[in-house]
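Survey of secondary and tertiary structure
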Amino acid sequence: MRRIFSSKVFYLFIMIAVFSAIFFLDFKGFLDAPKNYTISFFKPIAGFFYNASGGGIQKLSALFSVGHLMEQNDFLREQNIKLQASLSKLAEFERENILLRNQAKTANNEEINLVFASVFGQSPVSSNQLIMVDKGANEGISEGAAALGVGNVLVGKVAKVFSSSAAILSIEDKTSAVGAISQEKRIPGILRGDGAGGLIFEIESSKESPSQGEKVITAGENNLFPKGFLIGEAGEDISIDAEALKKIRVKPMLRIDALEDIFIVSQ
Amino acid sequence: MIVQTLLIIAVFIFQTGFPALLKFGGVFPDLVLAAIIVISFANPARKVVVPAIAGGLLVDIFSGMTLGISVILFLAIVFIINAAKKFLFANFNFSAILVAVFGITIFSDIFYFLSARILGWLGFKTFFVETKYLFFSVLPKEILYNLIAAAALYLLWILAKFLTGYRKSWK
């Protein structure tokens, strides 16, 4: 009997039993509470380093780009003038829109609730690009909701929700797939991450390609993932003739690995 | 054992908190894995079991994987290195660490890939990774980064030993 208990096979059997129990309990959600406590414990310290590293990166890149600052300044000044012109046009459109809505007496039912969340870390493994935020189910966040950056630019989709935190799958992740549409030519397709900071817009090969620089927006899936959020700008066509789908490179509007704050669509 | 566990936790916080600094081409070094390898070489297995469990649990929680997957991987690494110290690497040196990091990085990616597939079939929620992307895009970069990370950690370990006059080491 003693030989059985001291044998390596016995210890191996015990370990298999322990890990099977852990897998089962995790699958059933019984381990969510200890996971929440662990995340809550590490949230402040990981968040502190995350924010510190974001600032550090910006300062570092500024140091190396001094030579381009003058050129960028001119470009930004020009863009600013163009944007001001667009803004005045938009104000005019908004006024007309209000007038038309009042006339048609239709209520705006498409109000979106957004929850503000701070990023405190990212997944420690390279095979998935998850962004950890400090808001969760307690704040009304649910799986599948759209996560937005500054200016309502889509950055990802909520993949996992805990009580006071959530994991967002970045649109740049290789497994991410989002229904999208080009804004001007209205070409629908699927937007996938390339896993290296870029996006690929897959459309039917019979369809026309979006123009270079054309905005790509969300096509909308449900209330938590509405239509019209900006994702990026269409770039070059990288498809091969033999492929059934056309592949267009899309440049994301935001640098996702340096995000500090995120808005999440809630119910 | 406490020092090793704290070191693993510190490395984990560094990896989770500094993605923008570490990431290059969509991939960053697996610092926790590199630290487990270096610590396993420098300590007997019984001293690395608790740090491996702690590191594994943290990686699983923060990466959305099923709880316990990384714990199994890290414990396996501890025991593989322990066996390698007895039978393969008679004298512990820098090149032994590099060989181990190279082999274990490949082993860990195959392990994560297979476990995600198996757990997916069993109905668990996992993040599937494309085979071609994982083995031809992520893995080569990860091997290179892990080698650099392990070399840096090894040098830090040597420096710490030198500064503290710590002489108790593996034989």
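Scroll up to find the structure this text is about.
Residues numbered from 1 in each chain as written. Chains lettered and ligands numbered in written order. Predicted model: local features only at pLDDT ≥ 70, side-chain atom pairs only at ≥ 80, totals over all residues. Heavy atoms only, no water.

1. Details of the environment of Leu153(B)
All names here are of chain B. Selection rule: Numbering of helices and strands starts at the N terminus; helices are DSSP runs of H or I of at least 4 residues and strands are runs of E of at least 2. Exposure is judged per residue with a 1.4 Å probe applied to protein chains only, and the accessible area is read against the type maximum: over 50% gives exposed, under 20% gives buried, and values in between give partly exposed. Contacts: residue pairs with any heavy atoms within 4.5 Å of one another.
Assignment of secondary structure puts Leu153 in helix α7 (residues 131-164). The class of Leu153 is buried, set by a relative accessible area of 19%. The spatial distance from the C-alpha of Leu153 to the C-alpha of Ile37 is 9.9 Å, given a sequence separation of 116 residues. Apart from the residues within four sequence positions on either side, Leu153 is in contact with Leu31, Ala34, Ala35 and Val38.

2. Observations regarding the interface of chain B and chain A
Note the threshold: The term buried area refers to how much accessible surface (probe radius 1.4 Å) is lost by two components on association, counted for both of them together. By salt bridge we mean one thing: a side-chain nitrogen of Lys or Arg within 4 Å of a carboxyl oxygen of Asp or Glu. Ten residues, namely Ala, Val, Leu, Ile, Met, Phe, Trp, Tyr, Cys and Pro, are considered nonpolar, four, namely Asp, Glu, Lys and Arg, are considered charged, and the remaining ones, Gly among them, are considered polar.
Listed per partner, the contact involves 40 residues of chain B and 40 residues of chain A. Approximately 3,800 Å² of surface area, both sides summed, lies buried where chain B meets chain A, with 73% of it carried by carbon and sulfur atoms. The interface formed by chain B and chain A includes zero salt bridges. Secondary-structure elements contributing two or more residues to the side of chain B that touches chain A are α1 (2-17), α2 (19-22), α4 (45-63), α5 (69-87) and α7 of chain B. Residue composition of the side of chain B that touches chain A, grouped by class: 26 nonpolar, 10 polar and four charged.

3. Digging into the pattern of salt bridges
Residue and element names in this part refer to chain A. On inspection of all chains with the given rule, the structure shows five salt bridges over all chains. A salt bridge links Glu202 to Arg192, with the nearest nitrogen and oxygen atoms 3.0 Å apart. Of this pair, Glu202 sits in strand β8 (residues 199-204) while Arg192 sits in strand β7 (residues 188-193), and the two are 10 residues apart along the sequence.

4. Here's the deal with the packing of α5(B) against helix α6 (residues 94-121) of chain B
Packed helix pairs are characterised by how far apart their axes lie and by the angle those axes make with each other. All names here are of chain B. In plain terms, the rule: Working convention: axes come from line fits to C-alpha atoms, limited for helices to the stretch in contact. Angles between N-to-C directions cover 0 to 180 degrees. Less than a right angle of anticlockwise turn of the near helix away from the far helix marks a crossing as left-handed, whereas a clockwise turn marks it as right-handed.
Two numbers describe how α5 lies on α6: the axes approach to 11 Å, and their chain directions differ by 145°. The hand of the α5/α6 crossing is right-handed. Contact residues: α5 offers Ile69, Ser70, Ile72, Leu73, Ile77, Ile80 and Ile81, while α6 offers Ile104, Phe107, Ser108, Phe111, Tyr112, Ser115 and Leu119.

5. Concerning the packing of aromatic side chains
What counts, and what does not: In this scheme Phe, Tyr and Trp rings, the latter by its six-membered ring, pair at centre separations within 6.5 Å, and the angle between planes marks the pair as stacked below 30 degrees, edge-to-face above 60, and tilted otherwise. Lysine and arginine charges are scored as sitting over a ring when NZ or CZ, respectively, is within 6 Å of the ring centre and within 35 degrees of the ring normal.
Enumeration over the complete set of coordinates arrives at 10 aromatic pairs over all chains. Within the aromatic cluster, the residues linked to one another by ring pairs are Phe41(A), Phe42(A), Phe120(A), Phe12(B) and Phe62(B). One cation-aromatic arrangement involves Lys157(A) over Phe225(A); the distance from NZ or CZ to the ring centre is 5.0 Å.

6. Re the environment of Lys47(B)
Residues and elements named next belong to chain B. For Lys47, the position within the fold is in helix α4. With a relative accessible area of 21%, Lys47 lands in the partly exposed category. The spatial distance from the C-alpha of Lys47 to the C-alpha of Met1 is 5.1 Å, given a sequence separation of 46 residues.

7. Here's the deal with empty space enclosed by the protein
Any space left empty among the atoms is revealed by the rolling of a water-sized probe across them. Definition in use: A cavity here means a set of points on a 1 Å grid, drawn over the protein atoms and nothing else, where a 1.4 Å probe fits but cannot get out; a pocket is an open set with protein on both sides within 12 Å along at least five of seven lines, and a residue lines either one if it has an atom within 4 Å of a point. Grid points are joined across faces, edges and corners, and a volume is the space filled by probe spheres set on the points.
Inspection of every chain in the model, using the stated rule, returns two cavities of 30 Å³ or more. In this structure, the second largest cavity occupies an estimated 40 Å³ of space. In this structure, the second largest cavity is lined by Gln122(A), Gln129(A), Ile131(A), Ser170(A), Glu172(A), Ile256(A), Asp257(A) and Lys23(B). Residue classes in the lining of the second largest cavity are distributed as two nonpolar, three polar and three charged.

8. Remarks on the nonpolar core
Stated formally: Residues grouped as a nonpolar core are buried Ala, Val, Leu, Ile, Met, Phe, Trp, Tyr and Cys residues, joined through side-chain atoms within 4.5 Å.
Judged by nonpolar contacts, the single largest core of 60 residues is most densely connected at Val32(B), Ile36(B), Ile37(B), Val59(B), Phe62(B), Phe74(B) and Ile77(B). In terms of residues, this core owes the most to one element, helix α3 (residues 31-42) of chain B, which gives 10 residues. Setting aside its immediate chain neighbours within four residues, Ile77(B) contacts Leu33(B), Ile36(B), Ile37(B) and Ile104(B). By size, the runner-up hydrophobic cluster in this structure holds 37 residues, among which are Leu148(A), Val155(A), Leu191(A) and Val216(A).

9. Side note on the pairing of strand β3 (residues 146-149) of chain A
Residue and element names in this part refer to chain A. In plain terms, the rule: By definition, two strands form a pair when at least two bridges between them are found by DSSP.
Both faces of β3 are covered, namely the face carrying Ala146 and Leu148 and the face carrying Ala147 and Gly149. Pairing analysis gives four bridges linking β3 to strand β4 (residues 153-161), with the strands arranged antiparallel. Within β4, the position partnered with Ala147 by the bridge is Gly156. Hairpin geometry of β3 and β4 is characterised by an intervening segment of three residues between the two adjacent antiparallel strands and by a positive phi of about 75° at Gly151. In this structure, β3 lies alongside strand β12 (residues 261-266), joined through two bridges in antiparallel fashion. Paired with Ala147 across the bridge in β12 is Ile264.

10. Observations concerning a nonpolar patch on the surface
All names here are of chain B. Filter applied, for reference: Only residues whose relative accessible area exceeds 30% and that take part in no salt bridge are eligible for patches, with like-charged residues grouped when within 9 Å of each other and nonpolar side chains (Val, Leu, Ile, Met, Phe, Trp, Tyr) grouped when within 5 Å. Values of accessible area rely on a 1.4 Å probe in the Shrake-Rupley scheme; residue burial ignores everything except the protein chains shown.
A contiguous nonpolar surface patch, about 570 Å² in accessible area, is contributed by Ile110, Leu114, Ile118, Trp121 and Leu122. Mapped onto the elements, Ile110 comes out in helix α6. For Ile110, a relative accessible area of 36% gives the class partly exposed.

11. Quick notes on unusual backbone geometry
For residues other than glycine, phi is negative in most cases, and the peptide bonds are mostly trans. Here Arg186(A), not a glycine, exhibits a phi torsion of approximately 55°, which is positive. Within the secondary structure layout, Arg186(A) lies in the loop between β6 (177-182) and β7.

12. Looking at the layout of surface pockets
Its boundaries defined by the atoms lining it, the second largest pocket holds a volume of some 460 Å³. Lys8(A), Tyr11(A), Leu12(A), Met15(A) and Phe79(B) are, among the 15 residues lining the second largest pocket, the residues nearest its centre. Counting only elements with at least two residues in the lining of the second largest pocket, the list comes to α2 (8-27) of chain A together with α5 of chain B. In terms of residue count, α2(A) provides more of the lining of the second largest pocket than any other element does, nine residues in total. For the lining of the second largest pocket, the class distribution of residues is 11 nonpolar, three polar and one charged.

13. Regarding the side chain of Asp26(A)
Inclusion rule: Here a polar contact means two N or O atoms within 3.5 Å. Within protein one must be a hydrogen donor candidate and the other an acceptor candidate, and residues neighboring in sequence count only if both atoms are side-chain atoms.
Tracing the chain through its elements places Asp26(A) in helix α2. Given a relative accessible area of 11%, Asp26(A) falls into the buried group. Looking at Asp26(A), its side chain comes within polar contact range of the side chain of Lys35(A), at 2.8 Å. If we ignore the near neighbours within four places in the chain, the residues touching Asp26(A) are Leu31(A), Lys35(A), Met65(B), Thr66(B) and Leu67(B).

14. Comments concerning the packing of α3(B) against α4(B)
Residues and elements named next belong to chain B. The test is simple: For classification purposes, angles smaller than 35 degrees are called roughly parallel, those larger than 145 roughly antiparallel, those between 65 and 115 roughly perpendicular, and all remaining angles oblique.
Their axes nearest at 11 Å, the elements α3 and α4 cross at an angle of 175°. If you check the angle between α3 and α4, you find them roughly antiparallel. Along the contact surface, α3 presents Val32, Ile36, Ile39 and Ser40, while α4 presents Val48, Pro51, Ala52, Gly55 and Val59. Each residue belonging to the contact of α3 with α4 can be placed in one class, and the counts come to seven nonpolar, two polar and no charged.

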